[in-house]
Amino acid sequence: MEGAKQAIFEYCRKHGALAAGVADLAACERIAPPGHRPRDLFPRVKSVISLGVGGQTQGAWQLPAKAMAYSGSTEARAYKIAYGLAFFIEHKFGAPSVYVPPDMDPEAGPRVPLQSLKLHAELAGIGARSLAGDILLHPQFGFMYYASVYTELELEPDAPMQDNPCPAPSCVNLYRQTGRTPCMKFCPAQCLSGEVDAEGRQKMMRYDMAACAEFTQQYEAVPKILAEAVADEVRSAGGERLLDPDTKMLWYKVSAGSGAWFAQCFECMRVCPIATRAPQADPILRRKA
Ligand code: SF4
Ligand code: SF4
């Protein structure tokens, strides 16, 4: 249904997505681990749609790490588009559809998602795995946030990107000189390492997720506040901490969908030429294109 695919992509673009694609369902089922495959969540799924929205504005890259979790993230916009898209497909094509929850699997712990939105985006050809802990990058749009929709509508799948924009030529140069790319060099937790081959392509990527999580949890405002309150020696004072005006503001932001439950420190992306300087990573350039 080529016409349906065009209408779906048009909906995504009109509502603010920079890129959209359809992932190969058979590949998703093969690669995702049992319990986290599309059919585990939506048994009659026929197509997996992935969309991406722009990440940081150019100005946001200047913020300190502690503020990035609030100002840099636009994943909520991606989720909103996917939520609307599921209704759009049901209304226009009569095919049951669902916005794929981006949330963690409550049975599998705090770092295991119900579904890998990253895998969907990669297979749909709208992002490629980088040397910075597999963060997806796009040659035109740089760093994006992704969301997915499952639908019973049959759509022709797209192919993954043929060329990975990571490492960028300047990163290869730095690697040749120092043995490290910018993301590896400037990661404050030193949790990234890898190898670039003779052709300047990724040969191996190592990411110590536990070290990244341990370092960046200082920016996870809500768990931090709860931990401080619980650790308070005077129990009543702990309760007050949860209700003081600053914390109340955070609860408000969380309920409005702008919290800081999870965080990264963003230093690997702040120094990444693809994330920050891809041709259309800058919203002003995008507008001109
Ligand atoms: S988010 Fe921070 S700690 Fe994690 S890989 Fe990137 S630079 Fe390193
Ligand atoms: S800085 Fe960006 S482009 Fe360069 S190696 Fe790291 S992730 Fe890849």
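Everything that follows concerns the structure shown earlier in this document.
The shown structure was predicted, so the numbers you read here are calculated from the model rather than taken from an experiment. Counting restarts for each chain, with residues numbered from 1 along the sequence as it is written. Lettering for chains starts from A, numbering for ligands starts from 1, and both go in the order in which the items are written. Per-residue local features are limited, in this predicted model, to residues with pLDDT of at least 70; the limit for side-chain atom pairs, both in listing and counting, is 80 or more; totals at the level of whole chains, interfaces and linings are taken over all residues.

K.L.:
Would you take a moment to explain the site of ligand 1 for this structure?
P.N.:
Any residue qualifies as near a molecule or strand once its backbone-derived C-beta atom lies within 6 Å of it. As a structural note, the neighbourhood of ligand 1 is formed by 13 residues, with Cys187, Cys212, Gln264, Cys265 and Cys268 the closest of them. Labels follow the DSSP assignment, with helices taken as runs of H or I lasting at least four residues and strands as runs of E lasting at least two, numbered in each case from the N terminus. Looking at the shell around ligand 1, the elements that each hand over two or more residues are α9 (209-216) and α13 (267-270). Ranked by residues supplied to the shell around ligand 1, first place goes to α9 with three residues. Counted by class, the shell around ligand 1 contains nine nonpolar, three polar and one charged residues. Amino acids outside the nonpolar list (Ala, Val, Leu, Ile, Met, Phe, Trp, Tyr, Cys, Pro) and the charged list (Asp, Glu, Lys, Arg) are all regarded as polar, and Gly is one of them.

K.L.:
Hey, could you run me through the environment of Ile49 in this one?
P.N.:
Tracing the sequence through the fold places Ile49 in strand β2 (residues 47-54). Each residue is classified by how many other C-beta atoms fall within 10 Å of its C-beta atom, where C-beta atoms are placed from the backbone; a count of 20 or more means buried, 12 or fewer means exposed, and values in between mean partly exposed. C-beta crowding within 10 Å serves as the criterion here: with 28 such atoms nearby, Ile49 is assigned to the buried category. The spatial distance from the C-alpha of Ile49 to the C-alpha of His120 is 7.5 Å, given a sequence separation of 71 residues. Any two residues are considered in contact once their C-beta atoms, placed from the backbone, lie within 7 Å. Filtering out sequence-adjacent residues up to four positions away, Ile49 remains in contact with Ile8, Ala20, Val22, Leu85, Ser148, Val149 and Thr151.

K.L.:
How should I be thinking about the site of ligand 2 in this particular structure?
P.N.:
Taken together, 14 residues lie near ligand 2, and Cys166, Cys171, Thr181, Cys183 and Cys272 sit nearest. Of the residues in the shell around ligand 2, the class split is twelve nonpolar, two polar and no charged.

K.L.:
Sorry, what's going on with the pairing of strand β8 (residues 202-207) here?
P.N.:
As a general feature of sheets, a regular strand has side chains that alternate between the two faces. When you tally the buried positions in β8, you get zero out of six residues, a small fraction of the element. Two strands form a pair only when DSSP identifies at least two bridges running between them. In terms of strand pairing, strand β7 (residues 192-196) meets β8 through five bridges, oriented antiparallel. Note on β8: the bridge partner recorded for Leu192 is Tyr207. Connecting β7 to the next strand, β8, in antiparallel fashion are five residues, including Gly200 with a positive phi near 80°.

K.L.:
Before we go on, may I ask you to explain the nonpolar core in this structure?
P.N.:
Note that soluble globular proteins tend to have their nonpolar side chains buried in a common cluster. The nonpolar core criterion groups buried Ala, Val, Leu, Ile, Met, Phe, Trp, Tyr and Cys residues into a set whenever they are joined through C-beta atoms within 7 Å. Counting residues in each nonpolar core, the largest one holds 69 residues, and the members touching the most others are Leu51, Ala78, Ile81, Ala82, Leu85 and Cys183. The residues touching Ile81, leaving out its near neighbours within four places in the chain, are Cys12, His15, Gly16, Ala17, Leu51, Val53 and Ala147.

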